[in-house]
Each structure stands twice: as structure tokens, then as C-alpha cells.
Amino acid sequence: MTSICLDPGAVTLDDLAYVFSKNLSITLDRSCRPAVEAAALSIENAANGDIPVYGVNTGFGKLASLKIAKDEMATLQRNLILSHCCGVGAPIARSMSRLIMVLKLVSLGRGASGVRWDLIELVEKMLELGVTPVIPSQGSVGASGDLAPLAHMTAVIIGEGVAEFEGKVMPGREALLNAGLTPIALGPKEGLAFINGTQFSTAFALAGLFRAWTAAKSALTVSAMSTDAIMGSTAPLQPEIHSLRGHRGQIEAAAAMRAILAGSEIRESHREGDTRVQDPYCIRCQPQVTGAAMDVLRQAANTLRIEANAATDNPLVLSDAEKIVSGGNFHAEPVGFAADMIALAVSEIGAIAQRRIALMVDPTLSFDLPPFLTPNPGVNSGFMIAEVTTAALMSENKHLANPCVTDSTPTSANQEDHVSMAAHGAFRLQKMVENLNTIIGVELLCAAQGIEFRAPLKTSASLTACISRLRQDVPTLGSDRYLAPDIEQASKLIASGALLDRAVSLIPELDA
């Protein structure tokens with residue numbers, strides 16, 4: 001399996017997107033090893049001393065005041081992992097489990113967690129050989145870390161739990177042995193290092209971000225197509241309008257749409273003599289809405305880039321001060337906020353896209369397109385119920401976009417009395433982006449159909465290429481047919497970014 005080298009503390013969003021999309025394994029840059037080993041030595045010295053150090057020679061959470069004898073420290077860490085394997089729900093996707101492992105390696109590689117290098121090498125080997133822990137999807141409240149899901153990941157490292165190997169699910173120990181690997185018993189503090197962290201929440205937030213950004217770029221392409229389908233004006237895309245306001249995403253969205261629509265015969269045909277003064281907001285305000293969503297996604301991206309490089313367990317080894325200090329970096333509040341921001345952006349991109357669909361199927365608003373975009377309305381219903389489906393998905397996304405980070409509840413006998421709820425805040429993004437891809441997919445079907453009704457006038461070269469790509473999978477709708485497969489295929493095109501190959505140079509990229 002292909003592997004890339006990551007430098008803890010300097011990992012980029014492009015690195016993580018590449019690892020995630022290509023299902024790669026990773027190794028850590030070996031320059032981080034001295035710091036890792038120095039921190040491990042500090043933990044070993046603390047374990048051999050008499051001073052209570054949380055998680056090294058004490059109990060956990062509300063039991064932190066209980067001192068643990070040296071001969072029980074290994075049992076303490078093993079029990080920690082086993083007792084925290086309380087996740088429920090369907091297992092997460094294999095790709096997500098692997099991304100969580102990658103993020104955990106990056107965090108441990110910062111040299112503040114106190115784990116032995118052997119553990120890092122074992123996780124690297126698990127990624128390389130395809131030993132993937134089976135992690136339940138529910139059970140984390142986002143502080144103190146993603147405890148339950150990360151415990152299920154860590155259980156495999158010690159020969160417990162469940163893992164997938166070569167397409168089969170089996171006990172963790174069996175998976176390791178079949179891959180030629182050996183479980184490692186955890187030493188002082190090492191269990192805490194693995195489960196006190198935000199990697200489950202961060203992984204799902206990153207996956208949501210990457211997919212949402214692809215959807216946002218697709219939305220710019222498809223919304224330009226909708227603009228031509230209803231013979232909308234490009235005047236609201238003039239550069240000075242957007243520079244006068246100054247928001248980066250708005251400026252970039254307008255520029256991309258101008259470029260995508262350049263050369264359209266449809267647009268040129270109604271520059272003179274068009275009795276309409278202004279288009280509805282869903283056409284006129286696309287840069288202001290989708291562009292604002294892009295800006296929000298970039299803000300979330302910056303937070304997640306920082307978090308992906310962070311040491312987020314507890315306690316942390318402060319090497320410069322030679323101290324082992326309890327803190328709160330496991331609290332996933334930044335990730336929770338980022339996930340809520342992504343959810344808002346996804347919901348709004350879908351909301352304005354759905355209004356464009358409604359515009360195109362309504363003969364009173366679509367500027368002479370046939371009702372529901374069917375050549376024989378009445379006997380045929382065309383895209384009537386496809387539009388209703390998008391309304392249902394838009395409404396579902398509005399509900400899902402309500403903030404999760406504000407929904408704290410005390411846990412663990414009130415020791416952990418404020419939590420982030422980042423885990424399900426990030427987890428819901430999967431469903432939200434699926435819904436968004438379907439909304440944009442239906443818009444693609446409607447916009448392509450609308451443009452074809454404008455023949456012999458032609459759209460731009462960029463949009464012609466997009467429609468040609470669509471027609472490889474989905475033919476033009478004549479008489480009514482079973483539409484579900486068409487919607488599925490169009491949604492897949494949006495999710496894959498396949499249409500962006502035709503206009504990719506015109507769309508801005510995600511950079512934090």
C-alpha cells in the first residue's frame with residue numbers, strides 16, 4: 001500500500017485530503033522521534049517516582065485522587081481501554097477508521113504524549129498492512145476526548161477488540177497475528193495518550209469539509225448552468241459589484257461563474273429587449289450566498305488544520321519545562337464549532353440550489369421553459385416530484401444544521417461537566433453532504449434539460465462539456481420514466497467532482 005511521510009505539526013489540508021481520498025498509509029517524519037522518546041522517558045521517570053501524576057500512577061476522572069501501585073500500572077492502562085470500549089451503533093467506514101489512526105499518529109508525533117516509539121511503529125504497520133479497527137459510530141460527547149471510539153481503536157493495538165483484515169472482520173489479536181504483527185501491552189499513561197484526543201471528531205469534520213468543498217465547487221458550475229437555463233442575467237456577476245463588498249468567497253464565486261458562462265449564445269440572445277429587470281435572488285445572489293459559504297468553509301478548514309496537528313491528550317509532557325501537566329486539550333470545542341460552521345454552509349448551499357430547481361420547473365418563473373421541464377406536460381409530470389424530493393432534503397438539512405456545540409451535558413459524576421458534542425456534530429455532516437449532493441444533482445438534471453430546450457441556441461463551452469458528461473450516464477428526459485436511477489447517477493457525478501474536470505481551472509481551491 002502506498003505511503004506518504006507526514007511531519008507532525010506541519011501537516012497540511014492537502015496532505016490529509018490526499019491521504020483520505022487515496023486511502024493511503026503514512027509514516028511519521030523520523031525527525032520527530034527524539035521528542036517522542038524524550039517524553040516517554042519523562043513518563044517512565046514519573047512512574048518510578050513517588051509524586052502522584054494523573055494517569056501515570058493515579059486513577060482516572062473522578063478517581064484521580066487514588067494512587068496506583070507500580071505493579072498495577074500496566075493493568076490500569078489495559079483496564080482503561082477495555083472499560084472505555086462502550087461504543088454503540090453501526091461501525092464507521094473503514095476509510096474513516098484509517099483517517100482517525102492517521103490523525104492519532106500525527107498527534108502522538110508532536111512528542112508531548114509520552115508514548116513509546118514502538119507503539120507509533122505498530123500503528124504505522126497496521127495502516128500499511130490494512131489492519132483496521134472496527135469502531136462504533138456513537139458514544140462520544142467530545143470531552144474528555146472521543147473516549148469510546150478511540151478506545152475501540154486502541155483495543156486492537158493491545159490484542160483486544162475487533163478489526164478488519166483482508167476483507168474479513170475478526171478479533172483484534174487475530175487480525176494482528178494474521179498480518180504478522182504483535183500486540184503491545186500499554187505502559188504508564190499510554191492508554192490515556194490514545195483515547196484522550198479529538199481524532200474521531202476531527203476525522204469526521206475533515207471528511208465533511210472535503211466533501212462539502214467539492215459540493216460547493218460543483219454548485220458554482222451547476223448554478224451557472226441554471227442561470228443559462230432560465231436565461232438569467234450575468235450583469236450581477238460584474239467584478240466591481242463584488243470588489244466593492246470585498247469578501248473573498250463572493251469575489252471568487254462571481255469570477256468563476258463569469259468564466260464558466262463566457263461565450264454562451266443563450267446569454268447573448270437576450271441582452272437586448274429582455275423585459276425582466278431583475279432575476280430572483282436564487283439567481284442574482286449566487287456569489288453572495290455560495291461565496292459566503294465558501295468563506296465559512298475556509299474558516300472551518302483553518303481550525304481543523306490546526307487541530308489535526310495538535311497534541312490533544314492529557315496530561316501533556318512539557319519538555320522545555322520538564323513537567324507533566326494536566327490540561328484540557330482533549331476538549332473538542334474548536335472542532336465542534338468548525339463542524340457547526342460546515343453544517344451551516346452545507347445547508348445554505350442546498351437551500352439556494354433548491355430554489356433554483358423550483359424556479360426552473362415553474363412555468364411562470366422559468367422564462368418560457370415548459371412546465372416541470374417535460375416536452376409533453378399533462379400526460380407527463382417531468383421533474384415535478386424530483387423538485388419535491390429536493391425540498392424534503394433541504395428541510396432535513398435545515399434541521400440537521402442546528403448547532404450541536406451548544407448542547408452540553410455533564411458526565412462522569414460531574415467531573416467532566418461541560419462537553420463539546422463535537423462527535424455527532426461532525427458525524428451528521430456525512431448525511432448533510434449526501435443530501436446536498438442529491439439537491440445539486442437534481443439541479444444538474446433540470447438545468448441541463450432547460451438548456452437543451454433553448455436549442456438551437458448553445459450554452460458556453462464549459463457548460464456544454466458538463467452536459468455531455470452528464471449525458472454519458474443520464475439521457476435527456478422525454479416521456480416519464482423511473483427517475484430514481486437518474487437522480488442517483490447525477491448525485492454521484494456531483495459527489496465525485498467529475499464535472500469539475502471540465503471547469504476545474506475556473507474554480508478556486510480550498511486553502512486555509
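Please refer to the structure placed before this passage.
All figures in this text were calculated on a predicted structure; none of them were measured in a lab.

Draft legend 1. How the structure looks around the side chain of aspartate 340. Within the secondary structure, aspartate 340 sits in helix α15 (residues 333-361). The exposure class of aspartate 340 is buried, given its relative accessible area of 6%. A distance of 3.1 Å separates a polar side-chain atom of aspartate 340 from the backbone nitrogen of cysteine 404. Residues in contact with aspartate 340, not counting those within four places in the same chain, are Asn402, Pro403, Cys404, Val405 and Arg428.

Draft legend 2. Highlighting unusual backbone geometry. Here alanine 143 and serine 144 are connected by a cis peptide whose omega angle stands at 5°. With respect to the helices and strands, the residue serine 144 is situated in the loop between β5 (136-138) and α6 (147-157). Along the chain, asparagine 314 connects to proline 315 via a cis peptide bond; the corresponding omega equals -5°. Structurally, proline 315 is set in the loop between α14 (286-308) and β8 (316-318). Phi at leucine 373 takes a positive value of approximately 60°, unusual for a residue other than glycine. Tracing the backbone shows leucine 373 in the loop between α15 and α16 (384-400).

Draft legend 3. Fine view of the pairing of strand β2 (residues 25-28). Where strand β1 (residues 3-6) lies against β2, four bridges are found, and the strand directions are parallel. The partner of cysteine 5 across the bridge, within β2, is threonine 27. Read as a crossover between parallel neighbours, the route from β1 over helix α1 (residues 13-22) to β2 is right-handed.

Draft legend 4. Representation of the sheet that holds strand β7 (residues 168-171) in the model. Strand order in the open sheet made by the three strands is β4-β6-β7, with antiparallel pairing throughout. In the strand order of this sheet, the two ends are held by β4 (132-133) and β7, each with one partner. Note: strand β6 (residues 162-165) against β7, four bridges, orientation antiparallel. Residue pairing in the sheet places glutamate 164 in a bridge with valine 169 of β7.

Draft legend 5. How the structure looks around the packing of helix α18 (residues 429-453) against helix α20 (residues 484-496). Where α18 meets α20, the axes come as close as 8 Å, and the angle between the chain directions of the two elements is 110°. Between α18 and α20, the interaxial angle falls into the category roughly perpendicular. Remark: the crossing between α18 and α20 carries right-handed chirality. Residue-level contacts link Asn437, Thr438, Ile440, Gly441, Val442, Leu444 and Leu445 of α18 to Asp486, Ile487, Ala490, Ser491, Leu493, Ile494 and Ala495 of α20. Its residues assigned to classes, the contact of α18 with α20 shows nine nonpolar, four polar and one charged.

Draft legend 6. Expanded view of the state of the cysteines. A complete count under the given rule lists zero disulfides for this structure. Cysteine 85 takes part in no disulfide bond, and the closest cysteine sulfur to it belongs to cysteine 86, at a distance of 7.4 Å. Classification of cysteine 85 by relative accessible area gives partly exposed; the value is 24%. Cysteine 446 takes part in no disulfide bond, and the closest cysteine sulfur, belonging to cysteine 282, lies 12 Å away.

Draft legend 7. How the structure looks around the nonpolar core. Ranked by size, the top nonpolar core spans 158 residues in total, and within it Val131 and Leu209 carry the most contacts. Apart from residues lying up to four places away in sequence, valine 131 is in contact with Met101, Met126, Val156, Ala163, Glu164, Phe165, Ala175, Leu176, Ala179 and Leu181.

Draft legend 8. The packing of helix α9 (residues 199-229) against helix α19 (residues 461-473), seen in detail. The contact between α9 and α19 brings their axes to 10 Å, and the two run at 105°. In terms of orientation, α9 and α19 fall into the roughly perpendicular class. Contacts between α9 and α19 involve Thr221, Ala224 and Met225 from the first element and Leu463, Cys466 and Ile467 from the second. Taken together, the residues of the contact of α9 with α19 break down into five nonpolar, one polar and no charged.

Draft legend 9. Broad picture of the pattern of salt bridges. Enumeration over the complete set of coordinates arrives at 17 salt bridges. A salt bridge links glutamate 252 to arginine 298; the shortest N-O distance between them is 3.0 Å. Of this pair, glutamate 252 sits in helix α11 (residues 248-261) while arginine 298 sits in helix α14, and the two are 46 residues apart along the sequence. Note that arginine 469 and aspartate 473 form a salt bridge whose closest N and O atoms lie 2.9 Å from each other. Pair noted here: arginine 469 and aspartate 473 are both in helix α19, with a separation of four residues, about one helical turn. Residue classification places arginine 469 among the buried positions, given a relative accessible area of 17%. Salt bridges here are not isolated pairs; linked through shared partners, they connect Arg248, Glu252 and Arg298.

Scoring rules and cut-offs
- Residues numbered from 1 in each chain as written.
- Predicted model: local features only at pLDDT ≥ 70, side-chain atom pairs only at ≥ 80, totals over all residues.
- Heavy atoms only, no water.
- Helix = DSSP H or I, 4+ residues; strand = E, 2+ residues; numbered from the N terminus.
- Buried < 20%, exposed > 50% of the residue type's maximum accessible area, 1.4 Å probe, protein only.
- Polar contact = N/O pair within 3.5 Å; in protein donor to acceptor, adjacent residues only side chain to side chain.
- Contact = heavy atoms within 4.5 Å.
- Pairing = 2+ DSSP bridges.
- Right-handed = clockwise from strand over helix to strand, strands pointing away.
- Axes fitted to C-alpha atoms, helices over the stretch in contact; angles between N-to-C directions.
- Parallel < 35°, antiparallel > 145°, perpendicular 65-115°, else oblique.
- Left-handed = near helix turned anticlockwise from the far one by under 90°.
- Nonpolar A, V, L, I, M, F, W, Y, C, P; charged D, E, K, R; others polar.
- Disulfide = S-S within 2.5 Å.
- Core = buried A, V, L, I, M, F, W, Y, C linked by side-chain atoms within 4.5 Å.
- Salt bridge = Lys/Arg side-chain N within 4 Å of Asp/Glu carboxyl O.

Structural measurements only, silent on function.
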